[in-house]
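Below are the chains, spelled out letter by letter.
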Amino acid sequence: MEVESKQARNRLKMATRTEFDYLIYEAMLTPWCEKILRLHIGEGVSVCGLAERFSCSETLIRKHLAIAYKKVAKLQ
């Protein structure tokens, strides 16, 4: 994972609910990216759990999480 993406992930994990919502809004994420990010960061659902929940591959989940992290990283 790139340094910027890792920092964005940590920023989201440490954010308050209001900050988290603001970052997601400002990053202009797609509804799909927003949904998996909220479940992964907000509710602690694993990548494997997300893949099972949405009947898709873990690779697809990781790809969309990476997209979301990159968009959030641009806000910094």
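Here goes a summary of the coordinates provided. Counting of residues starts from 1 at the beginning of each chain's written sequence and follows it residue by residue. Whole-chain, interface and lining totals are the exception, using all residues; otherwise, since this is a predicted model, local features are given only for residues with pLDDT of at least 70 and side-chain atom pairs are given and counted only at 80 or more. With hydrogens and water set aside, each side-chain value is computed from the structure's full complement of heavy atoms.

Another point: the pattern of salt bridges. The term salt bridge refers to a pairing of a side-chain nitrogen on Lys or Arg with a carboxyl oxygen on Asp or Glu at a separation within 4 Å. Enumeration according to the criterion identifies 5 salt bridges in this entry. In this structure, D21 engages R38 in a salt bridge whose closest nitrogen and oxygen atoms are separated by 2.9 Å. Pair noted here: D21 is in helix α2 (residues 17-27) and R38 is in helix α3 (residues 31-42), with a separation of 17 residues, a long-range link. Note on exposure labels: buried denotes an accessible area under 20% of the residue type's maximum, exposed denotes more than 50%, and partly exposed covers the range between, all computed with a 1.4 Å probe on protein chains only. Relative accessible area serves as the criterion here: at 27%, D21 is assigned to the partly exposed category. Judged by relative accessible area, R38 falls into the partly exposed class, the value being 24%. As a salt-bridge pair, E34 and R38 come within 3.0 Å of each other at their nearest N and O atoms. Highlighted residues: E34 and R38, both in helix α3, separated by 4 residues, approximately one helical turn. Overlapping salt bridges bring together R17, D21, E34 and R38 as one network. Runs of E in the DSSP output that reach at least two residues are strands. Runs of H or I that reach at least four are helices, and both are numbered from the N terminus.

Turning to the packing of α3 against helix α5 (residues 58-73), a few remarks are in order. Where α3 meets α5, the axes come as close as 9 Å, and the angle between the chain directions of the two elements is 95 degrees. When the interaxial angle is binned, α3 and α5 end up roughly perpendicular. Mapping the contact onto sequence places W32, C33, I36, L37, H40 and I41 in α3 and I61, H64, L65, I67, A68 and Y69 in α5. Tallied by class, residues from the contact of α3 with α5 come to 10 nonpolar, 2 polar and no charged. Lines fitted to the C-alpha atoms define the axes, with helices restricted to the stretch that makes contact. Angles between their N-to-C directions range from 0 to 180 degrees. Each angle gets one of four labels, with under 35 degrees taken as roughly parallel, over 145 as roughly antiparallel, 65 to 115 as roughly perpendicular, and the rest as oblique. Any two residues having at least one pair of non-hydrogen atoms within 4.5 Å are treated as being in contact. In this classification, the charged set is Asp, Glu, Lys and Arg, the nonpolar set is Ala, Val, Leu, Ile, Met, Phe, Trp, Tyr, Cys and Pro, and all remaining amino acids, among them Gly, are polar.

Quick look at unusual backbone geometry now. Despite not being glycine, M28 shows a phi value in the positive range, around 50 degrees. With respect to the secondary-structure elements, M28 resides in the loop between α2 and α3. With a relative accessible area of 67%, M28 lands in the exposed category. Although it is not a glycine, S55 adopts a positive phi angle of roughly 50 degrees.

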